[in-house]
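# Fold and geometry: a report
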Amino acid sequence: MILTPSLALIITGVLVATLTGRTHSARIYSNSTQKLESFPSPIGGRLSSQTELDLAWADAYEQAWDLVSQMTLLEKVNLTSGTGWEMGPCVGNTGEIPRLNFPSLCLQDGPLGIRFTELNSVFPAGLATGATWNKALMYTRGQALGQEFKAKGINVLLGPSMGPLGRAPEGGRNWEGFGTDPYLQGIGAYETVQGIQDVGVVATAKHFLLNEQEHFRQAAESSGFGYSDPMAYSGNTDGRALREIYAWPFAEAIRAGAGAVMCAYNAVNDTQACENSYLLNHILKDELGFQGYVMSDWLAQRSGVNSVIAGMDMSMPGDGESWADGIPFLAANLTLAALNGSIPLWRIDDMAVRILAAHYLVKQNPRNYTKPNFSSWTLVDNDDLYPGSPSKTPYGLVNQHVDARSSLSRRVTRQIATESMVLVKNQNSYLPLKSVKRMSIIGSAAGPFSLGPNGCENRGCNNGTLATGWGSGSVNYAYLATPFEVINMRAFSEGFGIDYSFDDYDLDSATVLAEASDVAIVFVTSDSGEGFLTVEDNLGDRNDLDLWHNGDELITTVASSNNNTIVVIESVGGVNMEAWIDNENITAVLYALVPGQDIGFGISDVLFGDANPSGRLPFTVARNKSDYPATVEYTMTSRQPQLNFSEGIFIDYRHFDRESIEPRYEFGFGMSYTTFEISNFSVELSSDANTDLEAPLPGNYSNPTLLNSSLPNATDTVYPDDIPRYKKFIYPYLTSSEADGIKYDEDAYPYPSGYNTTQKSVPHPAGGASGGNPALFDYLVNATAQVGNTGNLSGAEVVQLYLSYPDLLNVEFPVKSLRGFEKISLQPNETSTVQFWLTRKDLSYFDVVRDNWVLPRGNFSVYIGNSSRSNALAGRFSID
Ligand code: NOJ
């Protein structure tokens, strides 16, 4: 057999790592009676659900079984294991299977565009996309993203991100997701996954789960804080918050058909996410019916056997304990674990089948899919094919400079940039700008960075206009339309005077300019990103919620000399504006979030009234940092920091409402240049609604399809003589001495407690279909309202529906939870009807004792309005 270049396996240490793994005890933080280990890992392809999606999965499984049944052990192993860091064109590359003409799969970041290449779009980040509250646009963005990834030959897009959700407002990567509410985040995830996959690219729902901050998210990044052999933090949450808040968007991604899920770096309730059988086997693969594959975040896998039996299916990028070490947990160690009986063969079959099925589901046949035509590691034409190897590896064409952009992506990036702008202050309707004579533009955030838009790798600096955060979720710009350039061109065509100062600390120049103009626009920022880069002392997470670069002082200085001061905030999340927000000379404030390459167009469109602002805040802006329910844990007080999510389900506005804290700007808030009226609200429980306490049980699992695989002779898994062996490249082969030493013994491995291999025949009552029990998504309640544009300009309203649950003795509910929204565009005097359907899941809470979603009895109130606090109209229904 000839397997691809695969691997230099350096044996020492590997055996130990794989065979001992790390067994952590698991616990659910407070309030739960649930079992904490869950075995065996559910074999895929057993759902009896007849939803369109699950029938498509069934079809995909047929094809996957067919191909996997033709594979040898080594070939299956290659499919599950990365070739190592920088061992191929993409950030993740699987081993290939030449005998079956099956290529290496290319996995590439990330959620807002293609990382590490060129001639691609920098789409608006998830947060800006969430701020549009426009479902159709979320879907189209997914499609446009998918098309670009496909054009570059990428099989798997490492996004969308739906965790972090934003529990802590300073969380470094909150901006990659769609906002701090599970429902909004869930819709963003659902639409994006469908858009990406409809064009034939596999989407990855990441990071599962509780990846809510950068500090201590992984062991390697936790060193230097005073503990030897530090561990990743453990996010500890109760079973209810886990379902209702953190796993909710993942359920939506799975309901949309997500092919892959990425397990997180951190631990969850004391067990590493990627070896947490409760999380992967129980929640993901049983309760949420996930049929695709679980890949590790890059080096998030911390054990061999334990991870595989806990439900992880693919190791990325393939290296093991440390970055680029070339010593894998899977690959040859998976071969070994199969041969010595520690991992049953059906589990390896299931890993391979799940991987293939996900690709077939999106109608992607990797055998005749475009091959990667770019290199993540260089922009030159020719280079080493495996630059991560110290060996001499083949050299050849690595970049074909394919322009991945399309007319669709151009339209989408521009439209979201405009629609995501959130106008939060507009005194006396000062905006849109009317007759400007002399304008000054103040602040570095208005203009370009002297080193160019790609001047810092992974956008790991905050210079010039801020259109995305930093880290693996960042992308190289083909262009960046800065606000100054766009507005300057307008000055040229419209004839007003314009001057600028990009020095944030030169308050004298700012004053001179402000005094000499009839409108002064101050641009300020707040940035964050991924923890592998520290920017201006911010280790991924923001150190605070203050504006960067002297922002407050710059604003107040300008406002003291100009009574038409406009503030534009380019930010990854909420910022503290208390130093100046009530200043009467500040006539308008525009929240620009992180809208990607067209930021300047978006801002200019709204300031000048080419577009009517229609963005709404996807998070709460507090008056004080201490008003938020949680913050980043910045100090390490133990070898494994414990992050107790003791606020439970009360994050963001749920906390502000519960504690009656007045926010500065509430979740869902944003202004328009026109006015809307919502009327004729009615809400009713469907007459034929099944209102039983729990949903009817899902159908049983069908019998597992076993592929009659058999183990090869150990000697057949030894490195063949005729393949090149590159150092650090990760191969599935054993050395002959390893092969010689193998003894098959199914009982030798120190399995975690509760380990067994008997597949369940009955799904979890909340499971049974992709995303959960299909009855959870039955429509129970219908609400309708009319919305009319009562002003003089065309515009779009975001009609939001919030639900209040009945009073129960032992269950505390949020004052309100978002359970529906629609964005409606209207001409002046136009009226339209808006419809909402609430599902059983929307109305239920997760009861940890019953271990299921429960529909509470009593009176529900439904509020409809244009923010989480607006309450324009209320309706009621009750369930007896
Ligand atoms: C680590 C990040 O957490 C993840 O989001 C990303 O996809 C991988 N690195 C690959 O770059």
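Below you will find a few notes about this structure. Because the structure is a prediction, the values reported are computed rather than measured.

Definitions and cut-offs
- Residues numbered from 1 in each chain as written.
- Predicted model: local features only at pLDDT ≥ 70, side-chain atom pairs only at ≥ 80, totals over all residues.
- Heavy atoms only, no water.
- Buried < 20%, exposed > 50% of the residue type's maximum accessible area, 1.4 Å probe, protein only.
- Helix = DSSP H or I, 4+ residues; strand = E, 2+ residues; numbered from the N terminus.
- Pairing = 2+ DSSP bridges.
- Phe/Tyr/Trp six-rings, centres within 6.5 Å; stacked < 30°, edge-to-face > 60°.
- Core = buried A, V, L, I, M, F, W, Y, C linked by side-chain atoms within 4.5 Å.
- Contact = heavy atoms within 4.5 Å.
- Near = heavy atom within 4 Å.
- Areas by Shrake-Rupley, 256 points an atom, 1.4 Å probe, with all protein chains shown as cover.
- Nonpolar A, V, L, I, M, F, W, Y, C, P; charged D, E, K, R; others polar.
- Polar contact = N/O pair within 3.5 Å; in protein donor to acceptor, adjacent residues only side chain to side chain.
- Disulfide = S-S within 2.5 Å.

The buried fraction of strand 28 (residues 858-865) is high, at 6 of 8 residues. Alignment of strand 23 (residues 795-804) against strand 28, held across 5 bridges, turns out to be antiparallel. Counted as the bridge partner of Leu801 is Ile864 from strand 28. The sheet contact formed by strand 28 and strand 29 (residues 873-879) spans 7 bridges and is antiparallel. Its bridge partner being in strand 29, Tyr863 is matched across the sheet by Ala874.

Turning next to the packing of aromatic side chains. The full count for this structure, using the stated rule, is 38 aromatic pairs. Between Trp133 and Phe821, the aromatic rings sit 5.0 Å apart at their centres with planes inclined by 75°, giving edge-to-face as the arrangement. Of the two residues, Trp133 is situated in the loop between helix 4 (126-132) and helix 5 (135-151) and Phe821 in strand 24 (residues 817-826); the sequence distance between them amounts to 688 residues. Here the two residues Trp133 and Phe821 agree in accessibility, since each one is buried. Between Tyr653 and Phe667, the ring centres sit 4.7 Å apart and the planes meet at 25°, which makes this aromatic pair stacked.

Within the largest apolar cluster, 125 residues are counted, with the highest numbers of intra-cluster contacts made by Leu209, Met295 and Trp298. Considering each element in turn, this core owes the most residues, 11 residues, to helix 12 (residues 345-361). Excluding its chain neighbours within four sequence positions, the residues that come into contact with Met295 are Leu107, Val156, Leu158, Thr204, Ala260, Val261, Met262, Cys263 and Met314.

Bringing the site of the ligand into the picture now. Taken together, 13 residues are adjacent to the ligand, and Asp109, Arg173, Lys206, His207 and Asp297 come closest. A total of 300 Å² of accessible area belongs to the ligand in isolation, and the protein chains cover 97% of it. Tallied by class, residues from the shell around the ligand come to 4 nonpolar, 2 polar and 7 charged.

A separate point is the side chain of Ser672. Checked against the element boundaries, Ser672 lands in the loop between helix 18 (653-658) and strand 21 (676-685). Of the residues examined, Ser672 reaches a relative accessible area of 18% and is grouped as buried. Here the side chain of Ser672 touches Asn612 through a polar contact of 3.2 Å, side chain to side chain. Not counting the four nearest positions on each side in its chain, Ser672 is found in contact with Asn612 and Pro613.

Counted under the stated rule, the structure contains 3 disulfides. Put simply, Cys90 and Cys106 are joined by a disulfide, and their sulfur atoms are 2.0 Å apart. Note on the Cys90 and Cys106 pair: the S-S dihedral is about -100°, so by sign convention the disulfide is left-handed. Of this pair, Cys90 sits in the loop between helix 3 (73-80) and strand 1 (92-93) while Cys106 sits in strand 2 (residues 106-108), and the two are 16 residues apart along the sequence. As far as the burial class goes, Cys90 and Cys106 line up, both buried. The disulfide bridge from Cys263 ends at Cys274, spanning 2.1 Å between sulfur atoms. The chirality of the disulfide connecting Cys263 with Cys274 is right-handed, given an S-S dihedral of about 105°. Separated by 11 residues along the polypeptide, Cys263 in strand 6 (residues 260-263) and Cys274 in the loop between strand 8 (271-272) and helix 9 (277-287) bring together distant segments of the chain. Take Cys263 and Cys274: they sit in the same class, and that class is buried. Sequence-ordered numbering of the disulfide-bonded cysteines in the chain gives the connectivity 1-2, 3-4, 5-6.

Take it as geometry only, folks, not as evidence of what the structure does.
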